[in-house]
Every structure is written in C-alpha cells, then in structure tokens.
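Spelled out from the first residue to the last, the chains are:
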Amino acid sequence: MDSTEVLEDKDSGPEVQLNLPGSVMSRIEELMGGTEQFDSEEFDAVAYINRVFPTEQSLSGVESAAARCEFRLASVQHDIRRLVRAQHDQRMAGHEALLDAQKCIAELALQVADINKKAERSESMVREITSEIKQLDCAKWNLTGAITALNHLHMLAGGAASLRTLADNRRYKELVLPLQAIMEVLDQLQCYRDIKELNALREEVLGIRSMLAQQILADFKEALTGGGKSGVSPRMLAEACSVVDVLEPSVRKELLKWFIDMQLQEYEHLFSPEQEHAWVSHVERRYTWLKKHLLRFEETLALTFPPAWRMSERLAHRFCKLTHKALSDLLQARRNELDVKLLLYAIQKTYNFEVLLHKRFIGTDVGADAADLSPEHQLVFDDEETGAVLRQGSPWVGLIGSCFECHLSLYITSLDANLRGLMDRFIQDAKSPDSVTSAVGSGAGAVMSSCADLFLFYKKCLAQCATLSTGEPMLELSMVFSSYLREYAGSVLSAALPRAAPALPALVTGLHTLLRDDAVRYTKQEITKITSVITTSEYCLETTVHLEQKLKEKISPSLVERIDLAPEQDLFHKMISNCIQLLVQDLEMACEPALQAMTKISWLHFDNVGDQSSYVTQIIMHLKNTVPNLRDNLASSRKYFTQFCIRFANSFIPKFIQNIYKCKPISTVGSEQLLLDTHMLKTALLELPSIGSEVKRQAPTTYTKVVIKLMTKAEMILKLVMAPLDGNLEGFVSQFVQLLPESTLVEFHKVLDMKGAKLTKTQQSSLDALFKETAKTVQNK
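Residues numbered from 1 in each chain as written. Predicted model: local features only at pLDDT ≥ 70, side-chain atom pairs only at ≥ 80, totals over all residues. Heavy atoms only, no water.

Assigned secondary structure in the chain consists of 24 helices and 4 strands. Taking all 781 residues of the chain together, 40% fall into the buried category. Sequence-distant contacts, at least 24 apart, represent 75% of the contacts inside the chain between residues at least 6 apart. By element, 55% of the accessible surface of the chain is carried by carbon and sulfur atoms, the whole surface being about 43,700 Å². (Helix = DSSP H or I, 4+ residues; strand = E, 2+ residues; numbered from the N terminus. Buried < 20%, exposed > 50% of the residue type's maximum accessible area, 1.4 Å probe, protein only. Contact = heavy atoms within 4.5 Å. Areas by Shrake-Rupley, 256 points an atom, 1.4 Å probe, with all protein chains shown as cover.)

Right under this line is the structure:
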C-alpha cells in the first residue's frame, strides 16, 4: 500500500492527495497486521480469516477482536482527519504568503519605473547645461590648432631664410637644431598640402636640404682629395657629420660609400689580380696592409666622424668583402696552381686575421653565443643589404675565409690519402703475429693501439675542419670517416682474427658461416686475439657514437640530419657478435668428445647409481680451463663476457639434450644416473660466470634463467623416461604434456624410444592422437 492516500473531507471540499508520514504508515500496518496482503489482487478474505481463526475454539474471541479493530479504526480515522485539516491550513498560509510577495514585486516595479523617469530628466538637464560648454571647448581646440599652425608657418617662413644663410656660410654646428625643428614642422603641416604658399615653402626647405647634402659631400671630397689646399677644416667636417645625421639616410649612405671606396683605392690597386703578391701565397700582406691603414686612419681622420658611425669597423667590413671577392676570383682562375699546403696556409692566416677583427671590434672570445651579441655587433650597416652570417658565434669569422670552402675538397682528398696510408699500415700490423702485444692498456684482451691512433687522427681532422668550414666539406669529411671505419672493421679487425675466422661481410649470410672445417682448438694466444678484437670493437662502437655527436655539433644545422654513422656502429656490433660466436664454438668443440662419450655408454645395463660420470667431469674440466681465461681477457668488457655465457648456454644445452635422446634404450637405473649427471652439469653451468675464481659472484639473472629453463627440460625428459608406461597411457601422456608443455610429437617419440616402448601401429596412432588432443587442450588453457 502506497504512502500516498487520496481522501475526501467534507470541510476541505474536493479530493486531497496526502503524503502520510512513515510513522503513520507503520502504525496502520501494525494495526492491520500488514497491508501488502490486502493490496494484492490475489487476496482471499476467507483464507485470511481461517488463518487468523484456525480452530473453533479461537472463534470465542471474535467479538472482542472485532471491537478492538473498530476502536483502532476509529482512532486512525481521527488522526487522518486531523492531519488533513493541518495540511489544508498550511496550503492557505502559503497562498497568502504568495499574494503578499506578488504585491511587494508590483510596488518595487513602480519604484524602478519612477527612478528611470527621474534619471532621464536628469540626463536631459545635464545635456542642456553642458551644450554650451562643449561648443566653447570645440572653439578652444580649433583656436589652439590655428595658433599652432600659424606658429609653425611663421617658423617655416623665417627658418627657410635662416637655413639658407647658415648653409651658405657653412655654419653647420648652428644649422643642426633649426634644421631638425623645421623638419618636424614640415611633418606637422602634412595635412595642409593643398595650400600653395605652404607647398612653396616646403619645396624651398627641401631644396635647401638637397643643396646641403651636395655641399657637404663636396666639402668632404675637397678636404680629403684637395692635397691640403682646401679651406675646409677637420672641425667643419665633424660638424657637417651632425647635419648628415639629420638629413635623409641616403645622404649618409652615399657619403660613407664614397669615403670607404676612396680609402680602399690603394688596396685595390696594390692587390689587383695582375700583381704577383695578389696570390694566396702572399695573403698575409693583405691583412698587414689593413692593420697599418686602420692605425693611420684612427690617428688622423677617425675623430672627424661620429663614434656611432663605426667607421673603422665599416672599413674593415668593406675590406673583408673586397678581399673575399678578389680571392674567390683568383682561386677560380688559378685553380691548377692551388695545393693543399698553400690552401691550409691561406686558411690559417685568414682565420687568425678574422679572429683579430672579432676581438678588436667585439671584444669577446671567438665562439661566444651569437644570441649574446648586442645589435651593434651584428654587422648590419645601413649601407649593406644583409648582415654577415654568424659563424662560430662571430660575425667576422668566415667573412673572408668562406671563399676557401669550395676548394676544401683538396683538403678532404689529402686527408683521404693520409688515412689510406694509415689504414694500410694498420692492416699489415694486424696480420703480424705480435699485433695484440701492441694493444693500448695492460693485460690480454686490451684495445689494439691502431684503434686509438685512428680516432686520434679523426679528432685532429675534425678540429681542423671545424675551423675551416661547417658546411658541405664537413659532410664530406664525415663520409670519409665512415668509409674508413667500415674498412677498419672489415679489414683490420678481421685480419686480426685467427685462422679460419670468417670475414665480417660473411655475417650477413648467417651464423652457419662460422663453422670451421678443422677440429683444432684455438691456442691461448689466438683466444687473446679474439678477445682483443672484442674490446677494440667495443671501443670503436662507443667512440663512433661520440664521433657522430661531435660531427652534428660542428656541422651547420641544415646538414645535421645527413650525418649518420649508424651503419658503421652496426658493423662493430656484428664484429663483436662474430667474435663471441667464435669463442662459443671453440668451447663447444672442446666439449664435443665428452658428449659423444655419453652416447656410447650402455645405459641399459646400469646396476646402481654412483658418482657423476667421467664425461661430466671432462666437460667441467674444459669449462674450468677455458672460461677463467676468457673472463680475465674480457674484464674491461664484462657485458660481453655475460653474452658469451648466455650464448654458450643457449647453444650447448640443446646439444646436450639432443645427445640425451641418443642414449637409448635406457633402464630406470641408467635414467637415475643420467639424471644425477644432468644435475651436476646444471650446478656447474650455474657457476660458470665465476668458475675458477677465488671471488664468487652471483651469476647474472638473465644467464641463470636460461640455464634453469633449458636444464630443467633435460631433467623433465629423464623423469618421463623413468615414469611407468604400461596400463596407463593417458596418464603418461598427460604427465608428458604437463612436464614438457612446449614439446613436439617428435620429442614425444624420442622419449618413447628411450623407454624402449614396443607399440603396434594402432597403439602408436592412438597414442599420437591422444598426445595431440592433450597438447591442444593445454595450449587452449
């Protein structure tokens, strides 16, 4: 029964929906003994009465029960009426409160409307009061503008005559301020261009300014080329420079171009192409000339020009531009006369001179961050279209020397020839028996000295080339480096390997090329050679990574993506892998006779289990004789010794398992003996990394996992061989799949052969089907 009741009351009128409290509903249910059963459509009144009065004796209390129900019903009805009336009173109070709120809102709306009307009236009054003030303010503004325009016109009319008088008398110092003022007045009067009289005054001022530009330029030419007879004094020229700063920028540009060209006339004549000392062999004379000329200029004419014009710097910059073009033309015309020695001489002298200019005009060390250079040091003059390209953090370095970049192929070719001779010597040294004795460092397995010599030469070449160019020549140098790195790996390191070791290119065809035809093990000296090649390859690998980083740091940012020494790094990786495989193969070869001896033992006729078999002792002996020497030789390359151990385990243990399969037939006692041998061999292999060492280290986790996984398989095979087969084929198959979940049907047959099981074709077929079904079920899980 829902707590929402619809009741009708005489006083309240229509139906009222009443939400009864939970306490009332619980009281009603308590009185009625639960109401859900009365609400049900399947309620049976007869069954309910029979349940309340199950026997005839219980009917004696019917009247008292009915009286109690009527009393309770009357009480509930009274409570319901009282609650309904209270609900009605609350509704009436809420309705009255709503009416009061609506009345307040209406009054508030009337007050807001009244305030809006008063505001509009106030705004209208303010507008009427201030209308005359606005007219007066506009009149004042117009009057001020008119007075200012008249003042400007008066200044312009009187100033034009004054300017002409000062210009005719060359009183440049007095002329600067009036000229600045008049130019500002002209800018202010741009809006009155339609007035003819004003335009006439403007044309007069512009004419005076143009006449001043020509006059000052003529004064400079007369003073500096008149041979001392001119009446223009240095002081007058200095004052004229102040006027030039006020005139149009093109005036200063023209003056500076003429002056700098005049200063460098002597240089262009002395070092013209037909002169003998114009050739690059006398390049230092050019720089000596500029040094002397700048000293002379700063002692005589430098004070004539304002410091902001940076005349010495402009002269040096123009000199560098002329020298760059002159040397470029000469080098192109006389290319056949250029050799590496002369080229490097010219580059070095040029670089030293550029560094000197950098320190003279910027005052910092070459290589300072270009972002730290102030704007006045960026070499962007008003007479140059573009500024100098920053190189090595300097706008001076490379300003002349960039002309040599297109000829640096001679330098790269020379380096190539030097590396060729160096590489030939390395190859001959690697073939000699005592090549390992010349290794860098102490002890066997040290890095070969030729490797250190090669990278030292690389370092010098990189440092020298970085001072010459950071563009295409640097990229060519990186290609030369990569070429000889490949040759060093393919010729020098391969040549250092002992007999029957495959050449490096054979690595791409697979590890089957590593097999040797002869059965002779490597000598201790040959093992030392192999470990030396490993450590040398590791050194080459690490140094090649650093070399690539240095090349990317030195080369221009636009060419960084073209520097890639990853193929060369892969070659050294492959060389290391090759050598480790040779060492693994050599140790496997030593253990091969012992494995063969294991298969020749008559495992079927074993009577009792004893100590470990002789073949296990022989294998452990070979491990103790070989591994400590390798560990000592690879002490500086511990990770590759760990790789050797892991590879040996991954290669030797599967061979051991294959030889276990060959021990057939085998008895239960023989299986137990072989299981003991397997356990002893497993223990020895787990101790392999520290075998023969006084200091016992815990074997690497990766290696331990490999040994445990593979040797556990061998132990499981032997346990399956010992497991009974008769009468419980399904159980055996289930046990086999559980112990060897990754096994194949071929391995299943091999275990059956070891057990000596004699099965018919039908039994074999049913057993194979059972194995496949069981294996598939396990895999699906």
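Moving on from the model shown.
Further remarks concern the packing of helix α13 (residues 409-431) against helix α14 (residues 449-468). Across the interface, α13 lies against α14 with an axial gap of 11 Å and an inter-helix angle of 175 degrees. When the axis of α13 is compared with that of α14, the two are roughly antiparallel. Of the residues in α14, those touching α13 at Tyr 411, Leu 415, Asn 418, Leu 419, Leu 422, Met 423 and Phe 426 are Ser 450, Asp 453, Leu 454, Phe 457, Tyr 458, Cys 461, Gln 464, Cys 465 and Leu 468. Class assignment of the residues belonging to the contact of α13 with α14 gives a composition of 12 nonpolar, 3 polar and 1 charged. (Axes fitted to C-alpha atoms, helices over the stretch in contact; angles between N-to-C directions. Parallel < 35°, antiparallel > 145°, perpendicular 65-115°, else oblique. Nonpolar A, V, L, I, M, F, W, Y, C, P; charged D, E, K, R; others polar.)

Our focus in this paragraph is helix α21 (residues 701-722). Helical periodicity: at 3.6 residues per turn, an α-helix aligns residues three or four positions apart in one direction. With 22 residues, α21 ought to run about 32 Å at 1.5 Å a step, and its terminal C-alpha atoms sit 31 Å apart, in line with that. Within the sequence span of α21, burial applies to Tyr 703, Val 706, Val 707, Leu 710, Met 711, Ala 714, Glu 715, Met 716, Ile 717, Leu 718, Leu 720 and Val 721. Check the buried side of α21 and you find it contacts α19 (638-661), α20 (668-686), α22 (729-739) and α23 (745-755). (Expected span 1.5 Å × (residues − 1).)

The next point concerns the packing of α13 against helix α15 (residues 472-496). Close contact between α13 and α15 brings their axes to 10 Å; oriented N to C, the two are set at 10 degrees. If you check the angle between α13 and α15, you find them roughly parallel. Residues Ser 409, Ile 412, Leu 415, Asp 416, Leu 419, Arg 420, Met 423, Phe 426, Ile 427, Ala 430 and Lys 431 of α13 form the contact with α15, whose participating residues are Pro 473, Glu 476, Leu 477, Val 480, Tyr 484, Glu 487, Tyr 488, Ser 491, Val 492, Ala 495 and Ala 496. Residue composition of the contact of α13 with α15, grouped by class: 15 nonpolar, 2 polar and 5 charged.

Let us look at the nonpolar core. With 181 residues, the main nonpolar core has Phe 319, Tyr 488, Phe 644 and Leu 685 as its most contacted residues. Non-local contacts of Tyr 488, meaning those with residues more than four positions away in its chain, are made with Met 423, Phe 426, Met 448, Ser 450, Cys 451, Leu 454, Leu 493, Thr 536, Cys 540 and Phe 572. (Core = buried A, V, L, I, M, F, W, Y, C linked by side-chain atoms within 4.5 Å.)

Glancing now at unusual backbone geometry. For the bond running from Lys 664 to Pro 665, omega is -10 degrees, close enough to zero to count as cis. Along the chain, Pro 665 turns up in the loop between α19 and α20. The residue Arg 310 is not glycine, and still its phi comes out positive at about 50 degrees. The residue Arg 310 is located in the loop between α10 (283-300) and α11 (311-333) in this model.

Taken as a whole and judged by the stated rule, the model has 25 aromatic pairs. Pairwise contacts between aromatic rings join Tyr 267, Phe 271, Tyr 287, Trp 289, Phe 319 and Phe 353 into one cluster. One residue, Arg 334, lies across the ring of Trp 279, its end atom 4.2 Å from the ring centre. (Phe/Tyr/Trp six-rings, centres within 6.5 Å; stacked < 30°, edge-to-face > 60°. Lys NZ or Arg CZ within 6 Å of the ring centre and 35° of its normal.)

On to the side chain of Thr 774, then. Tracing the backbone through its elements, the reader meets Thr 774 in helix α24 (residues 761-780). Taking the relative accessible area as the measure of exposure, Thr 774 reaches 18% and is therefore buried. Here Leu 770 takes part through its backbone oxygen, which lies 2.7 Å from a polar atom of the side chain of Thr 774. Leaving out residues up to four positions away in the same chain, Thr 774 has contacts with Val 733, Ser 734 and Val 737. (Polar contact = N/O pair within 3.5 Å; in protein donor to acceptor, adjacent residues only side chain to side chain.)

Let us now look at the environment of Ala 723. Within the element layout of this structure, Ala 723 appears in the loop between α21 and α22. Residue classification places Ala 723 among the buried positions, given a relative accessible area of 8%. Beyond its immediate stretch of four places on either side in the chain, Ala 723 contacts Phe 732, Gln 735 and Lys 755.

Our focus in this paragraph is empty space enclosed by the protein. A water-sized probe rolled over the atoms picks out the places where empty space is left. This model, assessed by the stated rule, comprises 1 cavity of 30 Å³ or more. For the largest cavity, the lining is made up of 11 residues, of which Ile 347, Glu 354, Gly 401, Thr 467 and Leu 468 are closest to its centre. Taken together, the elements giving at least two residues each to the lining of the largest cavity come down to α12 (340-361) and α14. Here the lining of the largest cavity takes 4 residues from α12, the largest share from any one element. Broken down by class, the residue content of the lining of the largest cavity amounts to 5 nonpolar, 4 polar and 2 charged. (1 Å grid on protein atoms, 1.4 Å probe; cavity = no way out; pocket = protein on both sides within 12 Å on 5 of 7 lines; lining within 4 Å. Points joined across faces, edges and corners; volume = space filled by probe spheres on them.)

For the rest of this paragraph, the subject is the pattern of salt bridges. Pairs can form between side chains of opposite charge once their charged atoms are near each other. What the rule picks out here adds up to 22 salt bridges. Note that Arg 425 is salt-bridged to Asp 429, the shortest N-O span being 3.9 Å. Note that Arg 425 and Asp 429 are positioned in helix α13 at a spacing of 4 residues, about one turn of the helix. Exposure remark for Arg 425: the relative accessible area of 40% places this residue in the partly exposed category. (Salt bridge = Lys/Arg side-chain N within 4 Å of Asp/Glu carboxyl O.)

Turning to its location among the elements, Leu 634 is positioned in the loop between α18 (614-633) and α19. Between the alpha carbons of Leu 634 and Thr 531 there is a distance of 6.5 Å; along the sequence they are 103 residues apart. With residues up to four places along the chain from it excluded, the contact list for Leu 634 reads Thr 531, Ile 534, Thr 535, Tyr 640 and Phe 641.

This brings us to the confidence of the model for the chain. Mean pLDDT over the chain: 80, with 79% of residues reaching 70 or higher. Taken as a whole, residues 1-18 scores under 50 in pLDDT and shows 30 contacts with residues more than four places along the chain or in a different chain. Predicted confidence for residues 502-518 stays below pLDDT 50, and this span has 32 contacts to residues more than four positions away or in other chains. (pLDDT = per-residue confidence, 0-100.)

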